[in-house]
Amino acid sequence: MRGPGLRGAAGLLALLLAMTLAGCTDSGGEGEGGQTIGLLLPSRAVPRWEKSDKPLIEKRVKELCPDCTLVYANAENDAASQRQQMNSMITRGVSALILDVVDPKALRSSVRAAQREGVPVVAYDRLAEGPISGFVSFDGAQVGRQQGQALLRGMGGRADGGGVVMVNGDPSSPNAAWYEGGARSALQGEVRILKSYNTIGWRTENAHDHMSAAISALGPNRIDGVLAANDSIAAGVISALKSARVSPLPPVTGQDADLDALQRIVKGEQYMTVYKPFRLETEAAAAMAVALARGNDIDALVTAQVDSPTTEDVPAVLLDSIAVTRETIGRTVVRDGVYTIDQICTPKLRPACDRAGLTR
C-alpha cells in the first residue's frame with residue numbers, strides 16, 4: 001500500500017467538501033440522474049455492516065443523487081453467493097458497484113466482467129482484485145499498530161517479554177493480513193507470540209475455540225495479553241477465558257466499536273477497541289460511486305494510491321482510525337453520536353459507567 005491516509009481535521013473537511021461538490025456535479029449527458037448503484041456487503045457476522053455501513057451508504061447516495069436507486073445484497077460470508085449477487089447486478093445494468101469483497105480471488109472474474117460491461121467498481125473496506133476503479137478504507141496497518149500499542153500499555157510490566165496470543169481475522173480477507181502486519185510491527189521485540197490463529201468468517205464461535213485451545217496448550221498463567229482482530233473475535237476470546245475461570249482477565253483488543261464491546265470495556269473485560277468513523281468511509285464510497293456512475297472522474301476525492309495483487313495505482317481514500325479505551329469512550333464514540341450514554345450504560349452497568357466518567 002502506498003500513499004498517506006488523511007491526516008487531521010483540515011484534511012477531512014477538505015475531502016468532505018470535495019465529495020459534496022463531486023456528488024453534485026452533473027455529467028450533462030446520458031448518465032444524468034436515474035442511475036442504479038449496487039451495494040454488496042460481505043456478512044452479518046460483524047454487526048457494523050448491517051447496522052452502520054448499509055444505512056449510512058443508502059443515506060449518502062440519496063443525498064448526493066436523489067434520482068439514484070440503490071440495490072443491496074449481503075453475501076453471508078459466502079464467496080459463491082457474492083459472485084452470483086454481483087453478476088446479477090451487472091446483468092440488470094447497474095451504473096456502479098460498491099463491493100466489500102468476501103474473497104478477492106474468488107470475485108476477480110466478476111470484477112473483470114463488470115469492467116467489460118462498463119460498470120465501475122469501488123472496493124469498499126477490503127481491497128478487491130481485478131480492474132477496480134477506486135478503493136475506500138481505513139489504514140489497516142495503522143489499525144493493527146493501534147491494537148498492538150494499546151495491548152502493550154494494557155499489559156503494563158508484563159509487556160517486557162510477556163506472552164501474547166494472537167487471534168487474527170479470516171485469511172481470505174486482505175484486511176486480516178494488513179491488521180496482523182501492523183500489530184506485529186508494534187509487538188515485535190517487546191513480547192513473545194505464543195500462539196497465532198486465523199479465524200474463519202471472523203466468527204465469535206471460532207474465536208472461542210481458538211482461545212480454548214490456547215488455554216489448554218499454554219495454561220492460563222502464561223497468557224499475558226490477547227491480540228483479537230475485531231470485536232466479534234474479542235467476544236469469543238473473552239467467553240473462552242471466562243469459561244476457563246481465568247482471573248484476572250488479560251487485556252484483550254478489538255476493532256469496530258461494537259456496542260457490546262464498549263459495554264465489555266466499561267466492565268473491564270475488554271481493554272480496547274478501534275473506532276473507525278464509519279460515516280467518513282461511507283460518505284467517501286458513496287461520493288466515489290455516484291461520481292463514477294455519472295461518468296465523472298474522482299481525482300478530487302482521492303488522497304492516496306494503492307497496489308493490489310492485480311492492479312497498480314488504484315485511486316484510494318485511506319482514513320484514520322482511533323484507539324478507544326474506557327477513559328476515551330465519551331470523547332470518541334459518544335461525542336460523535338455513534339451511541340448515546342444511555343445505550344452503553346444499561347442499569348447494571350451504571351456504577352461502572354460512573355467510574356468511567358460516562359455520566360449524562
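Thresholds applied
- Residues numbered from 1 in each chain as written.
- Predicted model: local features only at pLDDT ≥ 70, side-chain atom pairs only at ≥ 80, totals over all residues.
- Heavy atoms only, no water.
- Disulfide = S-S within 2.5 Å.
- Buried < 20%, exposed > 50% of the residue type's maximum accessible area, 1.4 Å probe, protein only.
- Core = buried A, V, L, I, M, F, W, Y, C linked by side-chain atoms within 4.5 Å.
- Helix = DSSP H or I, 4+ residues; strand = E, 2+ residues; numbered from the N terminus.
- Domains from an automatic or database assignment.
- Contact = heavy atoms within 4.5 Å.
- Buried area = accessible area lost by both parts, 1.4 Å probe.
- Salt bridge = Lys/Arg side-chain N within 4 Å of Asp/Glu carboxyl O.
- Polar contact = N/O pair within 3.5 Å; in protein donor to acceptor, adjacent residues only side chain to side chain.
- Nonpolar A, V, L, I, M, F, W, Y, C, P; charged D, E, K, R; others polar.
- pLDDT = per-residue confidence, 0-100.
- Phe/Tyr/Trp six-rings, centres within 6.5 Å; stacked < 30°, edge-to-face > 60°.
- UniProt positions renumbered as here; feature names shortened; annotations may be inferred.
- Pairing = 2+ DSSP bridges.
- Right-handed = clockwise from strand over helix to strand, strands pointing away.

Colleague: What am I meant to see in the state of the cysteines here?
Modeller: Every disulfide links exactly two cysteines, by a covalent bond between their sulfur atoms. Under the counting rule described, the total for this entry stands at 2 disulfides. Between the sulfur of Cys65 and that of Cys68 lies a disulfide, 2.0 Å long from S to S. One quick way to see it: the torsion about the S-S bond of Cys65 and Cys68 is about 70°, and its sign makes the bridge right-handed. Across the pair, Cys68 and Cys65 agree in class, each one buried. Sequence-ordered numbering of the disulfide-bonded cysteines in the protein gives the connectivity 1-2, 3-4.

Colleague: Before we go on, may I ask you to explain the nonpolar core in this structure?
Modeller: One recurring pattern in soluble globular proteins: nonpolar side chains tend to sit buried together. Of all hydrophobic cores here, the largest spans 59 residues; its most connected members are Ile98, Val165, Met211, Ile233, Val237, Val252 and Met288. Residue contributions to this core peak at 11 residues, all from helix α10 (residues 278–293). For this core, the domains that each give at least three residues are domain 1 (36–138 + 277–319) and domain 2 (142–255). In this structure, Met86, Val94, Val121 and Phe135 belong to the second largest nonpolar core, which totals 31 residues.

Colleague: Help me out: how do you make sense of the domain arrangement of the protein in this one?
Modeller: As a measure of interface size, the accessible area lost when the parts come together is often cited. What the domain assignment lists for the protein is domain 1 (36–138 + 277–319) and domain 2 (142–255). With centres defined by C-alpha atoms, the gap from domain 1 to domain 2 works out at 30 Å. With 16 residues of domain 1 at the contact, the number on the domain 2 side is 13 residues. When the two sides are added together, the surface that domain 1 and domain 2 hide from each other amounts to roughly 970 Å², 50% of it contributed by carbon and sulfur. The largest share of the area that domain 1 buries against domain 2 comes from Ala45, Asn77 and Arg126, three residues that together contribute 40% of it. At the boundary of domain 1 and domain 2, one finds 0 salt bridges. Our enumeration of links across domain 1 and domain 2 arrives at 2 residue pairs in polar contact (both at pLDDT 80 or more). Elements represented by at least two residues in the side of domain 1 that touches domain 2 include exactly β5 (134–138) and β11 (314–319). The leading source of residues in the side of domain 1 that touches domain 2 is β5, at 3 residues. Here the side of domain 1 that touches domain 2 is built from residues that sort into 10 nonpolar, 2 polar and 4 charged.

Colleague: Any chance you could explain the confidence of the model for the protein here in plain terms?
Modeller: Low pLDDT means the predicted atomic positions in that stretch should not be read closely. Considering every residue of the protein, the mean pLDDT works out to 91; 91% of them sit at 70 or more. For the stretch residues 1–32, pLDDT sits under 50, and the model shows 57 contacts to residues farther than four places along the chain or on other chains.

Colleague: Any chance you could explain the pattern of salt bridges here in plain terms?
Modeller: Side-chain pairs of opposite charge can arise where the charged atoms are in close proximity. As enumerated under the stated definition, the model contains 21 salt bridges in all. The salt bridge partner of Lys59 is Glu63, with a shortest N-O separation of 2.7 Å. Of the two residues, Lys59 and Glu63 both sit in helix α2 (residues 48–64), 4 residues apart, roughly one turn of that helix. Taking relative accessible area as the criterion, Glu63 reaches 40% and is therefore assigned partly exposed. Among the ionic contacts, a cluster of salt bridges with common partners joins Arg48, Asp53, Asp125, Asp256, Lys276 and Glu281.

Colleague: Even after reading the chapter, I still don't get the packing of aromatic side chains, so can you show me in this structure?
Modeller: In this description, a pair of aromatic rings is defined by centroid distance and the angle of the planes. All told, the structure shown has 2 aromatic pairs when counted by the stated rule. Centre to centre, the rings of Phe135 and Trp178 are 6.5 Å apart; their planes meet at 35°, and the pair counts as tilted. Of the two residues, Phe135 is situated in strand β5 and Trp178 in helix α6 (residues 174–187); the sequence distance between them amounts to 43 residues. Neither Phe135 nor Trp178 differs from the other in exposure class; each is buried. Here Tyr179 and Trp202 contribute two aromatic rings whose centre-to-centre distance is 6.3 Å and whose plane-to-plane angle is 70°, an arrangement assigned as edge-to-face. In this pair, Tyr179 is assigned in helix α6 and Trp202 in the loop between β7 (192–198) and α7 (204–218), connecting sequence segments 23 residues apart. Neither residue differs from the other here; Tyr179 and Trp202 are each classed as buried.

Colleague: In this structure, what is going on with the UniProt feature "domain: Periplasmic binding protein" (unreviewed entry) in the protein? I would like to understand it.
Modeller: UniProt feature "domain: Periplasmic binding protein" (unreviewed entry): in the numbering of this structure it lies at residues 37–296. Here residues 37–296 is 48% helix and 17% strand, with 15 Å between the C-alpha atoms at its ends.

Colleague: When you look at the pairing of strand β6 (residues 163–168) in this model, what are you seeing that I'm missing?
Modeller: The element β6 is extensively covered by neighbouring structure, given that 6 of its 6 residues are classed as buried. Side chains Gly163, Val165 and Val167 of β6 all project onto a buried face; the interleaved residues Val164, Met166 and Asn168 project onto the opposite face, where all are buried too. Relative to β7, β6 is paired through 6 bridges, and the arrangement is parallel. The residue of β7 that forms the bridge with Val167 is Tyr197. Handedness of the crossover joining β6 and β7 through α6 is recorded here as right-handed. Sheet topology places β6 next to strand β8 (residues 225–228); 4 bridges connect them, and they run parallel. Note on β8: the bridge partner recorded for Val164 is Gly225.

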